[in-house]
Amino acid sequence: MSPGETVNDQRYSFEFAGDLAFRLERRMQEHGVSVRPGSRLDAIVLSILQTVESSRNPPSADNADIRSEFRVMIGMSDLAANLLSVGSAPAFATLVPHLKLLNEGSPMQNVATLFDDAANKIFELLVACWAMRAGLEVAIESPRGGRKSVNPDVLVTLEAERWGLACKVPLSSNPKSIADLIESGARQLIATPGIVRGLVVLNFRNVIEHDRYWHMVGTAGSASPPPIFSAFSSLDDAVAVVQADVEELVGRVAKEIAARGLVALATEELDIAGFLVFAHTAVGVVRTLPRLQPGFPVGDVWTGPMPTSVKVRFAAVFIEQSGGNARRIHSLADEAALSPLELLGR
């Protein structure tokens, strides 16, 4: 096993998040995909715009559970930035069938979404974006392929080698169930001609306890007292807690994999290089920021909790080829960790 790695998003403004939503909508329209009125995506875009407006004109008293709206903003901004970052790539047109699913499933990959096949396909879309930036000749399987499809979800050429990526979304933290998914993905890859390396990519959105990292004391909507939300004293503290939880579970999964002999699951034509875990969540972190609103003196600061994005990824390497497998897996992991600001060069 290689050591776990953690990266957090850079801070960006509410206006930047709203702009991302508009830019993604325009990019989709250029490819013949519109935000369908009344769809989940339509509701998400409206929620982001309402959050942006609330940031400009905060209500005098707000006893709502703010976590949902900020999780929506953080998750949608991440997906939008990933899509926009590859929007000019020739292969972007191949993503259009998956783009249509944004009207059907939950686009956010930083919240628990159970039994939502469209949301799982949108995770494949996100992985395809990582692959487009890390490698060449990316292909993504049709989202209408059906549950019994044996093709890898994403194909990519990394350093002149053809890789297959099997994307899986566990429903729970049960290590045996997660190992089942890894084994299923590995056998799916072995059955695919034309690839020489295989990687199972896991999204832990249904595994990690999002409310544990950002919990609420009190009752939302009550007049008195208003709910109180937890906040970490620093981003490093938040990252350490999420990372520890992911690494502890990966350790239990690794034991299950070893017991089954999955590390040796390969053929003369194909190596199952390992698996990559991706976990994205939102937390509150105490920050000190300059006050930019009119009426405050220059240099005045505000200290308080801010919604913050945290991403954790963990690469488990089964078979090493002179450093090649680890290097290629980490090239994908590095793309997964980029923030919207980094993705769009701002």
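Residues numbered from 1 in each chain as written. Predicted model: local features only at pLDDT ≥ 70, side-chain atom pairs only at ≥ 80, totals over all residues. Heavy atoms only, no water.

Even after reading the chapter, I still don't get the environment of Thr219, so can you show me in this structure?
The topology assignment puts Thr219 in the loop between strand 6 (216-217) and strand 7 (228-229). Exposure remark for Thr219: the relative accessible area of 52% places this residue in the exposed category. With 154 residues separating them in the primary sequence, Thr219 and Asp65 have C-alpha atoms 8.3 Å apart. (Helix = DSSP H or I, 4+ residues; strand = E, 2+ residues; numbered from the N terminus. Buried < 20%, exposed > 50% of the residue type's maximum accessible area, 1.4 Å probe, protein only.)

Is there a simple way to think about the packing of aromatic side chains in this case?
Any two aromatic rings considered together are summarised by their centre-to-centre distance and by the angle between their planes. The final tally for this structure, using the stated rule, is three aromatic pairs. When the centroid spacing of 6.2 Å and the interplanar angle of 80 degrees are considered together, the rings of Phe123 and Trp130 count as edge-to-face. Cluster of aromatic residues (ring-pair linked, three or more members): Phe123, Trp130 and Phe278. (Phe/Tyr/Trp six-rings, centres within 6.5 Å; stacked < 30°, edge-to-face > 60°.)

It is not clear to me how the pattern of salt bridges should be interpreted in this structure. Could you clarify?
Proximity of charged atoms lets side chains of opposite charge pair with each other. Applying the stated criterion to the full structure yields 18 salt bridges. Glu124 serves as the salt-bridge partner of Lys121, at 3.5 Å between the closest nitrogen and oxygen. Of the two residues, Lys121 and Glu124 are both situated in helix 5 (residues 117-134); the distance of three residues between them amounts to about one turn of the helix. Judged on exposure class, the residue Lys121 and its partner Glu124 are both buried. In this structure, Arg313 engages Asp334 in a salt bridge whose closest nitrogen and oxygen atoms are separated by 2.8 Å. With a gap of 21 residues between them, Arg313 in strand 9 (residues 301-317) and Asp334 in helix 9 (residues 324-337) connect regions that are remote in the sequence. For Asp334, a relative accessible area of 37% puts it in the partly exposed group. Overlapping salt bridges, with partners in common, bring together Glu159, Glu161, Arg197, Asp271, Arg327 and Arg328 in one network. (Salt bridge = Lys/Arg side-chain N within 4 Å of Asp/Glu carboxyl O.)

Please clarify how the environment of Leu102 should be interpreted in this entry.
Mapping Leu102 onto the fold places it in the loop between helix 4 (96-99) and helix 5. The exposure class assigned to Leu102 is buried, which follows from its relative accessible area of 0%. Each C-alpha atom, one on Leu102 and one on Val33, is 9.6 Å from the other, the two residues being 69 residues apart in sequence. Leaving out residues up to four positions away in the same chain, Leu102 has contacts with Met28, Leu41, Leu79, Leu83, Pro107 and Ile122. (Contact = heavy atoms within 4.5 Å.)

Got a minute to help me understand the confidence of the model for the protein chain in this structure?
Low pLDDT marks regions whose predicted coordinates should not be analysed in detail. Model confidence for the protein chain is summarised by a mean pLDDT of 86, while 85% of its residues fall at 70 or above. The low-confidence segment residues 1-9, where pLDDT is below 50, has 39 contacts with residues more than four positions distant or belonging to other chains. (pLDDT = per-residue confidence, 0-100.)

Explain the pairing of strand 5 (residues 197-203) here, please?
Consecutive side chains along a regular strand alternate between the two faces of the sheet. Burial of strand 5 is extensive: seven of the seven residues sit out of reach of the surface. Side chains Arg197, Leu199, Val201 and Asn203 of strand 5 all project onto a buried face; the interleaved residues Gly198, Val200 and Leu202 project onto the opposite face, where all are buried too. Here strand 4 (residues 161-168) pairs with strand 5 via six bridges, running parallel. From the neighbouring strand, Trp163 faces strand 5, where its bridge partner is Arg197. Between the parallel elements strand 4 and strand 5, the chain passes through helix 6 (residues 175-190) in a crossover that is right-handed. (Pairing = 2+ DSSP bridges. Right-handed = clockwise from strand over helix to strand, strands pointing away.)

Help me understand the environment of Val111 in this model?
Within the fold, Val111 resides in the loop between helix 4 and helix 5. In this structure, the C-alpha to C-alpha distance between Val111 and Ser68, residues 43 residues apart in sequence, is 9.2 Å. Each residue touching Val111, except ones within four places of it in the same chain, is listed here: Arg71, Ser106, Arg205, Asn206 and His210.

Sorry if this is basic, but what is going on with the nonpolar core here?
In summary, soluble globular proteins display a tendency toward joint burial of nonpolar side chains. Judged by nonpolar contacts, the single largest core of 70 residues is most densely connected at Leu83, Leu95, Phe123, Trp130, Val154 and Leu165. Judged by nonpolar contacts, the second largest core, of 35 residues, contains Val242, Val246, Ala279 and Val283. (Core = buried A, V, L, I, M, F, W, Y, C linked by side-chain atoms within 4.5 Å.)

What's the story with the packing of helix 6 against helix 8 (residues 235-260) in this structure? I'm lost.
The angle between the axes and the distance between the axes are what describe a pair of packed helices. Where helix 6 contacts helix 8, the axes come no closer than 9 Å and their chain directions differ by 60 degrees. The angle between the axes of helix 6 and helix 8 places the two elements in the oblique class. Seen along the crossing, helix 6 lies across helix 8 with a hand that is right-handed. Where helix 6 abuts helix 8, its residues Pro175, Lys176, Ile178, Ala179, Asp180, Ile182 and Glu183 lie against Leu249, Arg252, Val253, Glu256, Ile257 and Arg260. Residues of the contact of helix 6 with helix 8, tallied by class, amount to seven nonpolar, no polar and six charged. (Axes fitted to C-alpha atoms, helices over the stretch in contact; angles between N-to-C directions. Parallel < 35°, antiparallel > 145°, perpendicular 65-115°, else oblique. Left-handed = near helix turned anticlockwise from the far one by under 90°. Nonpolar A, V, L, I, M, F, W, Y, C, P; charged D, E, K, R; others polar.)

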